[in-house]
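Descriptive structure summary
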Amino acid sequence: MRKTDPQAAATPTIQVIERMFALIDVLASREDAVSLKEISEKTGLHPSTTHRILNDLATGRFVDRPEAGSYRLGMRLLELGNLVKARLNVRDAALAPMRELHKQIQQPVNLSVRQGDEIVYVERAYSERSGMQVVRAIGGRAPLHLTSTGKLFLAADDAQRVRAYATRTGLAGHTKNSITQLPVLERELAKARQYGIARDNEELELGVRCMAAGIYDDQARLVAGLSISAPADRLDESWLSKLQGTANEISTALGHKASAQRMAA
């Protein structure tokens, strides 16, 4: 009489899916191909059950078999991952958290991205109750070295790129507080790298101060900056933790896995 694998009996769909996920997790934990025996041992599944599910996954290109008896993640997962990534939009991910942050602090919250030597404001959450006129509308631009978010992007560049930026732009200033000397800018960028936040101390507009935290994608690349703008005498340092928490929330939505938090000065 033919022996049957007790785990090969009909199983509920949810249990089958759980086993598929367990197998994929084992393959994801290793860069190289994994043997059938090791996969079976790590998941606790019978070898024949493991073999059957892996073969089904291979048919759908979710798993590859580089050689007999070994398996690795397949290209279909990469294709699906790229599709999800392409659909992730930083503005869409940021809008609800930005509005919630604005509700807490009642000051304008700005989302900006880098384009060349400038930042571009792509979204803003604000209300008339903030008591501050919004000068730069969505689509507005500003030099990197005069803005809190712009400094985050400059801080992500190496020293040579920062010097090249200074040469191209001449570090022109807008106010008496503007940083127009490269050594001063370099010290400011060093603080931004150390603490993960940057500030604008009435450097773009007199009477307005800002603080910014970075937003990162699944490759840990800085893709945007989230900033709070307020009248110079109203900027509250207690907002900083809320700002960083909101930026981290948006980064997580974009697939970023945050490392240990840096303490801001």
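Residues numbered from 1 in each chain as written. Predicted model: local features only at pLDDT ≥ 70, side-chain atom pairs only at ≥ 80, totals over all residues. Heavy atoms only, no water.

- As annotated in an unreviewed UniProt entry, the protein carries the name IclR family transcriptional regulator and is attributed to Ramlibacter agri.

What to know about the overall build of the protein
- In terms of regular secondary structure, the protein is built from 9 helices and 9 strands.
- Buried positions account for 41% of the 265 residues belonging to the protein.
- Taking as baseline every contact in the protein between residues at least 6 positions apart, the subset at least 24 positions apart corresponds to 57%.
- Of the accessible surface of the protein, which amounts to about 14800 Å², a share of 51% is contributed by carbon and sulfur atoms. (Helix = DSSP H or I, 4+ residues; strand = E, 2+ residues; numbered from the N terminus. Buried < 20%, exposed > 50% of the residue type's maximum accessible area, 1.4 Å probe, protein only. Contact = heavy atoms within 4.5 Å. Areas by Shrake-Rupley, 256 points an atom, 1.4 Å probe, with all protein chains shown as cover.)

A closer look at the packing of aromatic side chains
- A complete count under the given rule lists 0 aromatic pairs for this structure.
- The ring centre of Tyr121 lies 5.0 Å from the NZ or CZ of Arg124, which sits over that ring. (Phe/Tyr/Trp six-rings, centres within 6.5 Å; stacked < 30°, edge-to-face > 60°. Lys NZ or Arg CZ within 6 Å of the ring centre and 35° of its normal.)

Section: the packing of helix H1 (residues 13–28) against helix H2 (residues 36–43)
- Contact geometry of H1 with H2 gives a least axis separation of 10 Å together with a crossing angle of 120 degrees. It follows that H1 is oblique to H2 by the angle criterion. Crossing of H1 against H2: the hand is right-handed. Residue-level inspection shows Ala22, Leu23, Val26 and Leu27 of H1 in contact with H2, the latter providing Ile39, Lys42 and Thr43.
- Its residues assigned to classes, the contact of H1 with H2 comprises 5 nonpolar, 1 polar and 1 charged. (Axes fitted to C-alpha atoms, helices over the stretch in contact; angles between N-to-C directions. Parallel < 35°, antiparallel > 145°, perpendicular 65-115°, else oblique. Left-handed = near helix turned anticlockwise from the far one by under 90°. Nonpolar A, V, L, I, M, F, W, Y, C, P; charged D, E, K, R; others polar.)

A closer look at helix H7 (residues 159–169)
- Those residues of H7 that fall on the buried side of the exposure criterion are Val162, Tyr165 and Ala166. The buried side chains of H7 occupy one side of the element, clustering within an arc of 100 degrees when seen end-on. Seen from the buried face of H7, the exposed residues on the opposite side, beyond 90 degrees, are Gln160, Arg161, Thr167 and Arg168.
- Looking at the buried residues of H7, the elements they touch are strand E6 (141–143), helix H6 (148–155) and helix H8 (182–195).
- Immediately beyond the C-terminal end of H7, within one or two residues, lies Gly170, with a positive phi of roughly 70 degrees. (Arc of directions from axis to C-beta.)

Structural notes on the environment of Tyr216
- For Tyr216, the location among the structural elements is in strand E8 (residues 208–216).
- Taking the relative accessible area as the measure of exposure, Tyr216 reaches 24% and is therefore partly exposed.
- Measuring from C-alpha to C-alpha, the distance between Tyr216 and Thr252 comes to 8.1 Å, with 36 residues separating the pair along the chain.

Some thoughts on the pattern of salt bridges
- Evaluated as defined, the whole model comprises 14 salt bridges.
- Note that Glu203 is salt-bridged to Lys151, the shortest N-O span being 2.7 Å. Note that Glu203 is positioned in the loop between strand E7 (197–201) and E8 and Lys151 in helix H6, a separation of 52 residues in sequence.
- Judged by relative accessible area, Lys151 falls into the buried class, the value being 1%.
- Its salt-bridge partner being Arg221, residue Asp217 comes within 2.9 Å of it at the nearest N-O pair.
- A relative accessible area of 44% means that Arg221 is categorised as partly exposed.
- Each of Lys151, Glu188, Lys191 and Glu203 takes part in salt bridges that share partners, so that together they form one network. (Salt bridge = Lys/Arg side-chain N within 4 Å of Asp/Glu carboxyl O.)

A few points about unusual backbone geometry
- Not every positive phi belongs to a glycine, and Arg61 is a case in point at roughly 65 degrees.
- Counting through the fold element by element, Arg61 comes out in the loop between helix H3 (47–59) and strand E2 (63–64).

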